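Take a look at the letters that make up each chain.
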Amino acid sequence: MRSVIAALALLSAAGLAGAAAAHAFLEHASPRVGSRVASAPAEVRLSFSEPVEPAFCTIAVSGPLGFAGVEPARAATGDRRTLVAPFRRPMPPGRYLVRWRAVSVDSHVTQGDFQFELKP
Amino acid sequence: MRARMHAALGGLSAAALAALLASPAAAHGVAGNRFFPATLATDDPAVADELSLPTISYSRTGDDPAATELDVSGEYSKRLTRTLGVSFADSWTRLKSPGEHAVSGFQNLETTVKYQVLTNAEHEAIVSVGLSAEWGGSGSSKVGAEALGTVTPTLYFGKGAGDLPESLAWARPFAVTGVVGYAVPTRAHELADDPDCPACTPLRQGTTRTVEWGLTLQYSLRYLSAHVKDYGLPSFVNQLTPIVEFAASSPVRNAHGQRTTGTVNPGVIWSGRHTQLGLEAQVPINRDSGRTVGVLFQVHWFLDDLFPRSIGKPVW
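Residues numbered from 1 in each chain as written. Chains lettered and ligands numbered in written order. Predicted model: local features only at pLDDT ≥ 70, side-chain atom pairs only at ≥ 80, totals over all residues.

Concerning the nonpolar core
The biggest cluster of nonpolar side chains holds 32 residues, and the ones touching the most others in it are V44(A), L46(A), I59(A) and L83(A). Contributing elements (two or more residues each) for this core: strand 1 (26-30), strand 3 (43-48), strand 4 (58-62), strand 6 (79-86), strand 7 (94-103) and strand 8 (109-118) of chain A together with helix 2 (221-228) of chain B. Apart from residues no more than four positions distant in its own chain, V44(A) is found in contact with I59(A), V61(A), V70(A), A85(A), F87(A) and V98(A). (Core = buried A, V, L, I, M, F, W, Y, C linked by C-beta atoms within 7 Å. Buried ≥ 20, exposed ≤ 12 C-beta atoms within 10 Å, placed from the backbone. Helix = DSSP H or I, 4+ residues; strand = E, 2+ residues; numbered from the N terminus. Contact = placed C-beta atoms within 7 Å.)

Thoughts on the pairing of strand 17 (residues 294-302) of chain B
All names here are of chain B. Here strand 3 (residues 50-60) pairs with strand 17 via 7 bridges, running antiparallel. Bridging from a neighbouring strand, T55 pairs with Q298 of strand 17. Bridge count between strand 16 (residues 275-284) and strand 17: 8 bridges; the pairing is antiparallel. The residue of strand 17 that forms the bridge with G278 is Q298. (Pairing = 2+ DSSP bridges.)

Some remarks on the interface of chain B and chain A
On the side of chain A, 28 residues touch chain B, which itself brings 24 residues to the contact. Considering every element that reaches the side of chain B that touches chain A, the biggest residue donor is helix 2 of chain B, with 5 residues. Here the residues of the side of chain B that touches chain A sort into 11 nonpolar, 8 polar and 5 charged. (Nonpolar A, V, L, I, M, F, W, Y, C, P; charged D, E, K, R; others polar.)

Things to note about the environment of H227(B)
By the secondary structure assignment, H227(B) is in helix 2. Spatially, the C-alpha atoms of H227(B) and N33(B) are 7.7 Å apart, while their sequence positions differ by 194 residues.

Notes on the sheet that holds strand 7 of chain A
Residues and elements named next belong to chain A. Across the sheet, which stays open at both edges, the 4 strands sit in the order 2-8-7-4 with mixed pairing between neighbours. Two strands close off the open sheet at either side, each with one partner strand: strand 2 (36-37) and strand 4. Bridge count between strand 7 and strand 8: 10 bridges; the pairing is antiparallel. Paired with G94 across the strands is L118, a residue of strand 8.

Here's the deal with the sheet that holds strand 1 of chain A
All names here are of chain A. Here we have 4 strands laid out as an open sheet, ordered 1-3-6-5, and antiparallel in their pairing. The strands lining the two open edges of the sheet, one partner per strand, are strand 1 and strand 5 (74-76). Ignoring which end each strand starts from, the neighbouring axes of this sheet average 30° apart. With 4 bridges connecting them, strand 1 and strand 3 associate as antiparallel partners. Bridged to S30 within strand 3 is R45. (Axes fitted to C-alpha atoms, helices over the stretch in contact; angles between N-to-C directions.)

Put into structure tokens, the structure is as follows:
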């Protein structure tokens, strides 16, 4: 029993010490997941649960006819958990699909997609 | 020449790293947008480096008179390759019947080899096959551990609803997982006491074969907020997965009067960075399965996240 408790204490310490990383799950996005926005956003901003490696992360956005896409993803200034990709203009009204792929600093890969809508 | 060699080696290293990172396989039960949490009563479909310790269950048995049963279990799972893993599980049981002293001891050791056959990101699907062995006689007969071992070929599956059409987007956070195994005792016959004549010579009877099966229905609030619609709920809430599990055992050959037993377990799982906590009620499906609603609690550790460069990565 003592060895079990010792093992659990070690695991807890490893987690609390922050030495371990984890899978990077999407926590927040701007524009917000599933939202309808009134004006064209300047950028897509994705905040993850863990620090990510921007060189291996991608953000791709598809939209209505005439949409020009996004610039390559980069880390937000001073925040390794957040990726930013500025929108190219023009951004016509309609539905947009954001696809992302993130690699956390311990090399775990996660991916996902979501939609938002730009009102006419 | 040397510079060219360095450049070539650098290119190879970068290509190897890129290839590694490009691989869709990942620890945890991840398939595309879907994360399948480790479930409490049934085994999840993924191969992973993880530790379930402790899993605590408290219930009243279906015996007459009913005994109270406390189980404290642990399971360690280790990836040998990215898709092949082994696991070791055991339980400590304490039984207390009315008017009798409590008895306690370990159940039989169980080992499982599991191979993740399919991971489909687009359809959020995982399929695995496995072979479990219960090592008869390794536990204590006082708490019901059988002297006879069993071998159970098992199929595991998980399917997310993320590929539903836009009109059903609200249902995309749903997922189902399941497991079905055919438990075959390691001997075809065994000697059993005659219940009508305990003093008589034991009877030779065929051993019982069972189908061990289970299903889960889960709704991921993380999936809802990250892929469907973010309602601005606190992070803690977005890490919850309400779940209903169903786990059962059905005798299919040489039943000797046994019936299907099992429980329906409504509950919730919280998935954090390195750990997962699960709490479920255990509702018996019939009298043979138990007398009252039990409780099931589990702490689950993601070893691949805690120790990604040592015990948390595949051996090969």
